Amino acid sequence: MSRQTASACPTREEAGYALATGGALKAEWMDAYAHVPREAFLPDTMWPFDMSTGRTVHVSRTEGAEAWRGYANADVPIVTQWDDGAHEGREPGHMPTSSASMPSVVLRMLDALTVDDYCRVLEIGTGTGWNAALLAHKVGEGNVVSVEVDEAVALRARRTLDHFFGAPVEVIHGDGSADAPGRGTFDRVIATCGVRRLPYAWVEQTRPGGIIVAPWGTDFTNADGIVRLRVDKSGESASGRFTGPVEFMKLRAHRTAPIDHEAYASQLTDVTPTMEPADAARALSGADRFSALTFALGLRVPDCTYVAAAKRGGAQPHWFYCRSDRSWACALVADGAAGARVWQQGARRLWDEVTAAYGWWVGAGRPGWSRFGLSVSGAGERVWVDGG
């Protein structure tokens, strides 16, 4: 890390001021933020995302305490484990598997949870333990139960929480998708890992009228939307709206394998392209990865993963891969062209599905995140728009 980048990192006071003025740190959480420093829960070696360079970097408290502390204070995500603990060395591993989320994201999710003093809270995904510690400061150490699937991560978080509070915050090593057996019902449930379907066990372990906050998404991209659900009076279902986009590491049971491009499109030259309307592809070219458009397309084109390839020579390929068979599509959009060149192969005509989904989104008035909602019951789940 350069001296210039290190000196640009904020102090903890400066970071707190920026979070407050930016709307992430609300009055209800200021005391917890002031008394529970993020750095107390971070390991000596970590890999923060450097916003100035757009890269994940390695920092060590023993090698550069100033840089380490600067990143600990900054509003950036920090990887604390790669490859389920099998990684060694300074360079980033293949897949991040545990992290400390951006403080602004942590605080916005806690605000959505609307905890009262002495609420019982179940957290899915302990990670470093900082989120659990903020909750424990707010509602009391004995009112927080956290579940962590990785045994080594759970052990470290448990030790850190015990040292910080001098009293136990219960950390369970187990599969969070199966709730917390034997712990009764909770007033609030919060997940710090992304899900592709919300486990009904979380609804069952939340009291009637209780709140569930979780990152929920589709296979279309790695992005999630934060959904805030309220359990109904019967305790048998929950419903609520999405509040905005995020991106979380996925619940281990919901991870998907990386796309093997060659396994799909190795015979690209054997497929005759057609010229098709380019509206959907141009919209995707102009959308970022947190767009409500890609969320909507993922809802309407299930079991499909979208990859935007780099633009070259004034043309950008958009790839679509079916997760349940080897169907695929590619739409190539060139600057100034009236249409898109489209290749499709397989049982599903994925580009036709994407085009239809885009037409639905436009016809619905291009709904943003706040117009989408989720309902969950024992019979399954349903995403809706405008309460419909």
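Residues numbered from 1 in each chain as written. Predicted model: local features only at pLDDT ≥ 70, side-chain atom pairs only at ≥ 80, totals over all residues. Heavy atoms only, no water.

Asks: Would you mind going over the sheet that holds strand E8 (residues 170–173) with me for this structure?
Replies: Two strands in a sheet stick together by hydrogen bonds in their backbones, pointing the same way (parallel) or opposite ways (antiparallel). With mixed pairing, nine strands are arranged side by side in an open sheet as E8-E7-E6-E9-E10-E11-E12-E18-E19. Bordering the open sheet on either side are E8 and strand E19 (380–385), each of which pairs with just one other strand. Direction aside, the axes of adjacent strands within the sheet are offset by 20° on average. Judged from the four bridges that link them, strand E9 (residues 186–191) and strand E10 (residues 206–216) form a sheet pairing that is parallel. (Pairing = 2+ DSSP bridges. Helix = DSSP H or I, 4+ residues; strand = E, 2+ residues; numbered from the N terminus. Axes fitted to C-alpha atoms, helices over the stretch in contact; angles between N-to-C directions.)

Asks: Is there a simple way to think about the packing of aromatic side chains in this case?
Replies: Aromatic ring pairs are described here by two measures, namely the spacing of the ring centres and the angle between the planes. Going through the model one piece at a time under the given rule, you end up with 17 aromatic pairs. Judged by centre distance (6.2 Å) and plane angle (75°), the rings of Trp216 and Phe295 are edge-to-face. One end of the pair, Trp216, is in strand E10; the other, Phe295, is in helix H11 (residues 292–300), with 79 residues separating them in the sequence. Each member of the pair Trp216 and Phe295 is classed as buried. When the ring of Tyr306 is compared with that of Phe320, the centres are 5.2 Å apart and the planes differ by 25°; the resulting orientation is stacked. With Tyr306 in strand E14 (residues 304–308) and Phe320 in strand E15 (residues 315–322), this pair connects stretches of sequence that are 14 residues apart. By relative accessible area, which is 11% here, Tyr306 ends up buried. Residue Phe320 is classed as buried on the basis of its relative accessible area, which comes to 0%. By the ring-pair criterion, three or more aromatic residues cluster together here, those being Trp216, Phe242, Phe295, Trp369 and Phe372. Just above the ring of Phe186 sits the side chain of Arg120; from NZ or CZ to the centre is 4.3 Å. Sitting above the plane of the Trp29 ring, Lys138 keeps its charged end 5.7 Å from the centroid. (Phe/Tyr/Trp six-rings, centres within 6.5 Å; stacked < 30°, edge-to-face > 60°. Buried < 20%, exposed > 50% of the residue type's maximum accessible area, 1.4 Å probe, protein only. Lys NZ or Arg CZ within 6 Å of the ring centre and 35° of its normal.)

This is a description of form; function is not addressed.
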